[in-house]
Amino acid sequence: EGIYYDTVVKQVYLEGLLELKAPELITNDLLKSSAGTIVPTSIVDIGANVGQTVIPLAKDGHKVYSFEPVASTCQKLKDNIEKENVGKTVEVFCVGIDQKEATKNFGYIGDLDPGSPGYKIVDPTNQVAHVMSTVKIAPVEKFLNDANVLDRIQLFKTDTQGNEEAVLRGSYQLLSGPHRPRFVLIEYSHGLLMNAGTLPRKILEIIYSANYVCTHL
């Protein structure tokens, strides 16, 4: 009682993209009852992309609050949700999560592939930078603030290509408050975090300060 656990996952490029592994991990390892049956619950998915995690979880009966800041990707997410007929159990927010409400530009150099050696997130005002996207950002409590909703959230997942520090800080009130999720699933890639300007240990410091325990790295 009173002990919360988190799962900080497998290196993304060693064992496959997080969004492809997450539904199986969540359904089979984290959210099944002691009898082995799926217990529908509520899940927060930050960095939902086009629905690789959202849609399988919704089909399993879970309520999913999905966040995807890139407008074109968010539209594809909505289209896929409609195509798969899971709209009743998914809420989509076309916004990123950070500490303050704002509009943010993302810039990069190199190839537009987070896994490529030359890719690096940089200040978008840098004269050699490509502006990747302009997105709206805000703390997660702007969208999830009803106690009845928060009480049902059992799992929080973030997969944001190295922007996990901003997401965790923008979600800290949820993660450290009285309604905090039981599980936290984080994309933890040394290369992506460093490219985004975050020391990997910062992620662990944040989750430990919220009284989570890292059980899988």
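Note that the structure is predicted; figures quoted are calculated from it, not measured.

J.: Please provide a residue-by-residue account of the overall build of the chain, values included.
T.: Check the secondary structure of the chain and you find 9 helices and 10 strands. Taken over 217 residues, the chain has a buried fraction of 47%. Taking all contacts inside the chain whose residues are at least 6 apart in sequence as the whole, residues at least 24 apart take part in 69%. Just so you have it, the chain exposes about 10900 Å², and 49% of that area is on carbon and sulfur atoms.

J.: Any chance you could break down the confidence of the model for the chain for me, citing the residues and the numbers?
T.: Averaged over all residues, the pLDDT of the chain equals 81, while 74% of them reach at least 70. When the criterion is pLDDT under 50, residues 1-17 qualifies, and its contacts beyond four places in sequence or with other chains add up to 57 contacts.

J.: Can you tell me about the state of the cysteines, naming the residues and giving the values?
T.: Using the criterion set out here, one finds 1 disulfide in the structure. Each sulfur of the disulfide joining Cys74 and Cys94 lies 2.0 Å from the other. Between Cys74 and Cys94, the disulfide has an S-S torsion of -80° and is therefore left-handed. Placement of Cys74 in helix 4 (residues 71-83) and of Cys94 in the loop between strand 4 (90-93) and strand 5 (96-97) is noted, with a sequence separation of 20 residues between them. With a relative accessible area of 0%, Cys74 lands in the buried category.

J.: Residue-level account of the packing of aromatic side chains, with values.
T.: Aromatic rings considered in pairs are described by the distance between their centres and by the relative angle of their planes. Across all of its chains, the model carries 3 aromatic pairs by this definition. Ring centres of Phe67 and Phe93 lie 4.7 Å apart, and the angle between their planes is 20°; this geometry places the pair in the stacked category. Linking Phe67 in strand 3 (residues 63-67) with Phe93 in strand 4, this pair joins segments that are 26 residues apart in sequence. With relative accessibility at 0%, the residue Phe67 sits in the buried group. An aromatic cluster of at least three residues, connected via ring pairs, comprises Phe67, Phe93 and Phe143. Sitting above the plane of the Tyr212 ring, Arg180 keeps its charged end 5.3 Å from the centroid.

J.: Describe in detail helix 4, supporting the description with residues and values.
T.: Over its 13 residues, helix 4 extends 18 Å from the first C-alpha to the last, a length consistent with the 18 Å expected when each residue adds 1.5 Å. Along helix 4, the residues classified as buried are Thr73, Cys74, Leu77 and Ile81. Burial along helix 4 is one-sided: seen end-on, the buried residues are contained in an arc of 100°. In helix 4, the exposed positions that point more than 90 degrees away from the buried face belong to Ala71, Lys76, Glu82 and Lys83. Packing partners of the buried residues in helix 4 comprise helix 3 (54-59), strand 3 and strand 4. Just downstream of helix 4, Asn85 is the residue with a positive phi angle, here 60°.

J.: Help me get a handle on the pattern of salt bridges, residues and values and all.
T.: Per the counting criterion, the structure on display carries 8 salt bridges. Of the charged contacts in the structure, one is a salt bridge between Asp45 and Lys157, with a shortest N-O distance of 2.7 Å. Residue Asp45 is found in strand 2 (residues 42-46), and its partner Lys157 is found in strand 9 (residues 153-158); the two are separated by 112 residues along the sequence. Here Asp45 matches Lys157 in class, with each residue buried. As a salt-bridge pair, Lys63 and Glu91 come within 3.4 Å of each other at their nearest N and O atoms. Taken as a pair, Lys63 in strand 3 and Glu91 in strand 4 lie far apart in primary sequence, 28 residues in all.

Calculation notes
- Residues numbered from 1 in each chain as written.
- Predicted model: local features only at pLDDT ≥ 70, side-chain atom pairs only at ≥ 80, totals over all residues.
- Heavy atoms only, no water.
- Helix = DSSP H or I, 4+ residues; strand = E, 2+ residues; numbered from the N terminus.
- Buried < 20%, exposed > 50% of the residue type's maximum accessible area, 1.4 Å probe, protein only.
- Contact = heavy atoms within 4.5 Å.
- Areas by Shrake-Rupley, 256 points an atom, 1.4 Å probe, with all protein chains shown as cover.
- pLDDT = per-residue confidence, 0-100.
- Disulfide = S-S within 2.5 Å.
- Phe/Tyr/Trp six-rings, centres within 6.5 Å; stacked < 30°, edge-to-face > 60°.
- Lys NZ or Arg CZ within 6 Å of the ring centre and 35° of its normal.
- Expected span 1.5 Å × (residues − 1).
- Arc of directions from axis to C-beta.
- Salt bridge = Lys/Arg side-chain N within 4 Å of Asp/Glu carboxyl O.

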